[in-house]
Amino acid sequence: MMPGGAGSPLQQLIAQFGSSIIVTDPAQLAAVNVDHRKLYEGKALALALPRSTAEVSKLLAFCNALRIGVVPQGGNTSYCGGTAPDASGTQLVLSLRRMNAIREMNPVNDSMIVEAGCILADVQRAATDAGRFFPLSLGAEGSCQIGGNLSTNAGGVNVVRYGMARDLVLGLEVVLADGRVLSTLKTLRKDNTGYDLRHLFIGAEGTLGVITAASLKLFPAPRSVATAFVAVQTPAAAVSLLAELRKSCGDLVSSFELIPNIAIDLVAKHLPGTRSPLEAGSPWYVLCEITSAMSNEPLGERLETALAAALETGLITDATLAQSERERQEFWFLREHIPEAQRRDGSSLKHDISLPLDRLAEFIASSSDWLHDQVPEGFLVCYGHVGDGNLHFNINQSSNSVATGALLARQNEIRRAIHDRVHEMGGSFSAEHGIGRHKVEELERYASPLELELMRNIKRAFDPNGIMNPGKVLHSGSASR
Ligand code: FAD
Ligand code: 2HG
Ligand code: ZN
């Protein structure tokens, strides 16, 4: 029977839940049919917009009974195509955008309970308004949702101090594929009571259930901050600088980002009014920040002393400290807009990789040489969260390959060469962006047979009918292979 025909799944959904929850408006569907990078465009059966956990529960129970595939979607900012329905017109996209309440704010316990549809920036703001700090921070924070952040186990620019999204979670409320609600929304730091189920859903990209709420850790608000834009000649110098800063500033180091000159050029080209904070050019820069919860801490002096010592030994070649909050924001604007500048420059190949810190510089050096020799169709824009060993080893099309599509035509071969090299060096082919649909084959290639077997067993245990985000993370149906 066709999805839209009499007694069809769509008609049954509308009859059961009403057209205020089951949306079929073509304009709204067009927006959810495609992922952020436009890698995949599908065709949703409809868009479900529930208002409560109880409604999500009824929806999933219903979809499970009818074997309707469900594709959860948060802010749709993720990079691996995890949010796009397939082309069959039979999958229901489920958005929790109406579930955006802060259920509880508990500054004494340093915790808050939020619904999954909260925009990340709103979660940060609520914490700040309560005099606390929620440290997850990334370029898409104005549109991504906390449910999406947890489902991708997002990283961002504060991981070096506070950890990944996973490290910020005390408990979850999850609707399972069959509609049952699993609630571990406790706000405890210590709770060793059997298997820690919450961690299975974090990073599962909607393949095991729908996260409807989370209990999150809060931290003392930073009251002193110092931010520097530093010129270094090589990535090796950047890695050594990180070690030096850790020696002198300890765990005050909250961000440590590597930026190549080419990225500054791209931002300046595509976002008028921006420019490098340092006059003299340098092949590489570091944007680093130290913060403290103590007010009036002389962090500027501390960072300046550390950087002066590094200048003295030749580890760095120049540096400037942000003299005001406005200047600090300008430094960060440059960093946060590299993805946008890259996008405006044309299609690119993205490799979100991580390596042990002691091998990171060696990887950049050997892979840059390889690219230079073997991939004349592109140029490297390699930047990232070096404090966490995470590089965005991206390749943009050189001007003469835009028209021919020569770089994009070689993407599989290039990806294989880069990921193989990363794997050989003990790294990961997906540091913070997940698997989605885009990296399912990569997971099959690099995970061990035992890891894959256990993942399939977990998928089967939580979602025996395979309705949750089919074809993402693992091949569709591979739960039963
Ligand atoms: P979506 O893209 O909507 O969904 C992501 C996955 O989670 C999908 O598989 C979806 O099915 C699933 N999902 C969504 N909501 C739920 C739910 N409630 N329950 C179960 N499953 C769900 N990522 C980083 O890690 N670090 C960065 O620094 C970073 N910077 C970025 C900068 C820019 C400019 C952009 C555009 C993206 C960036 N990202 C970054 C990627 C992206 O923002 C993150 O992956 C983010 O966590 C995705 O959140 P989202 O709400 O958009 O999720
Ligand atoms: C970032 O760190 C994001 O800015 C996006 O993770 C990286 O666009 C990218 O490749
Ligand atoms: Zn990143």
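For the structure, see preceding data.
Residues numbered from 1 in each chain as written. Chains lettered and ligands numbered in written order. Predicted model: local features only at pLDDT ≥ 70, side-chain atom pairs only at ≥ 80, totals over all residues. Heavy atoms only, no water.

### A few points about the overall build of the chain
Counting its secondary structure elements, the chain contains 18 helices and 19 strands. For 481 residues, the compact-globule estimate of 2.2 N^0.38 gives 23 Å, and the chain sits close to it at 23 Å. Taking the principal axes of the C-alpha coordinates as reference, the chain spans close to 75 × 60 × 45 Å. Sorting the 481 residues of the chain into buried and exposed places 54% on the buried side. Put simply, 73% of the contacts in the chain that link residues at least 6 apart link residues at least 24 apart. Here the chain has roughly 20,400 Å² of accessible surface; of this, 52% comes from carbon and sulfur atoms. Charged side chains in the chain number 44 positive and 51 negative. The centres of these two groups are separated by 7 Å. (Helix = DSSP H or I, 4+ residues; strand = E, 2+ residues; numbered from the N terminus. Rg over C-alpha atoms; globule rule 2.2 N^0.38 Å. Buried < 20%, exposed > 50% of the residue type's maximum accessible area, 1.4 Å probe, protein only. Contact = heavy atoms within 4.5 Å. Areas by Shrake-Rupley, 256 points an atom, 1.4 Å probe, with all protein chains shown as cover. Lys, Arg positive; Asp, Glu negative; His and termini not counted. Charge placed at Lys NZ, Arg CZ, Asp CG, Glu CD.)

### Quick notes on the coordination of the zinc ion (ligand 3)
Those protein atoms acting as donors to the zinc ion (ligand 3) are His385 (NE2), His392 (NE2) and Glu432 (OE), and they sit at 1.9 to 2.1 Å. Of note, the zinc ion (ligand 3) draws all its donor residues from one chain, in the sequence arrangement H-x6-H-x39-E. Neither residue differs from the other here; His385 and His392 are each classed as buried. (Donors = N, O, S within 2.8 Å, 3.2 Å for Na, K, Ca; no water.)

### Here we look at the packing of aromatic side chains
According to the stated counting rule, one finds 8 aromatic pairs in the structure shown. Here the aromatic rings of Phe201 and Phe462 are separated by 5.3 Å at their centres, their planes lie at 85°, and the arrangement is edge-to-face. Placement of the pair is Phe201 in helix α7 (residues 198-201) and Phe462 in helix α18 (residues 449-462), with a sequence separation of 261 residues. Phe462 matches Phe201 in its accessibility class, with the two residues each being buried. Centroid distance Phe229 to Phe331: 5.7 Å. Interplanar angle 55°. Geometry classified as tilted. Note that Phe229 is positioned in strand β12 (residues 224-232) and Phe331 in helix α11 (residues 325-336), a separation of 102 residues in sequence. Residue Phe331 is classed as buried on the basis of its relative accessible area of 3%. (Phe/Tyr/Trp six-rings, centres within 6.5 Å; stacked < 30°, edge-to-face > 60°.)

### A look at the sheet that holds strand β5 (residues 102-106)
Pairing in this open sheet of 5 strands is antiparallel, and the strands run β5-β6-β10-β8-β9 from one edge to the other. Edge positions in the sheet fall to β5 and β9 (181-183), since each of these pairs with one other strand and no more. Here the strands of the sheet are splayed against their neighbours by 15° on average, with no regard to which way each runs. Two strands pair when backbone bridges link them, and strand β8 (residues 169-176) and β9 are joined in this way by 3 bridges, in the antiparallel orientation. Bridge assignment links Val174 to a residue of β9, and that residue is Leu182. The strands that helix α3 (residues 53-66) touches are β5, β8, β9 and β10 (209-217); relative to β8, the one it contacts most, it runs at about 45°. (Pairing = 2+ DSSP bridges. Axes fitted to C-alpha atoms, helices over the stretch in contact; angles between N-to-C directions.)

### A word on the pattern of salt bridges
Note on pairing: side chains with opposite charge can pair once their charged atoms come close. Applying the stated criterion across every chain, the model contains 23 salt bridges. Measuring nitrogen to oxygen at the nearest pair gives 2.7 Å for the salt bridge that ties Asp122 to Arg125. A residue pair is termed a helical-turn pair when its members lie 3 or 4 positions apart in one helix, as Asp122 and Arg125 do in helix α4 (residues 120-129) at 3 residues. Here Glu413 ties to Arg410 by a salt bridge, and the two come within 2.7 Å at their closest N and O atoms. On the basis of relative accessibility, which here comes to 46%, the residue Glu413 falls in the partly exposed class. (Salt bridge = Lys/Arg side-chain N within 4 Å of Asp/Glu carboxyl O.)

### Some words on helix α12 (residues 338-345)
Restricting attention to buried positions, one finds in α12 the residues Ile338, Ala341, Gln342 and Asp345. The buried residues of α12 occupy an angular sector of 100° when the element is viewed end-on, so they sit on one face. In this structure, the buried side of α12 is in contact with β13 (253-260), α9 (261-270), α11, β16 (348-349), β18 (378-383) and β19 (390-397). Gly346, located one to two residues past α12, shows a positive phi value of around 125°. (Arc of directions from axis to C-beta.)

### Thoughts on the site of ligand 1
Residues in contact with ligand 1 amount to 35 residues; listed here are only the nearest, Pro72, Gly74, Thr77, Ser78 and Gln145. Between Thr152 and ligand 1, the recorded distance is 2.9 Å, taken from a side-chain N or O atom to an oxygen atom. Gly156 has a polar backbone atom sitting 3.3 Å from a nitrogen atom of ligand 1. Protein contacts shield 94% of the accessible area of ligand 1, which totals 980 Å² for the unbound molecule. Counting residues per element, the ones that place at least two in the shell around ligand 1 are β3 (70-73), α5 (146-152) and β10. (Near = heavy atom within 4 Å. Polar contact = N/O pair within 3.5 Å; in protein donor to acceptor, adjacent residues only side chain to side chain.)

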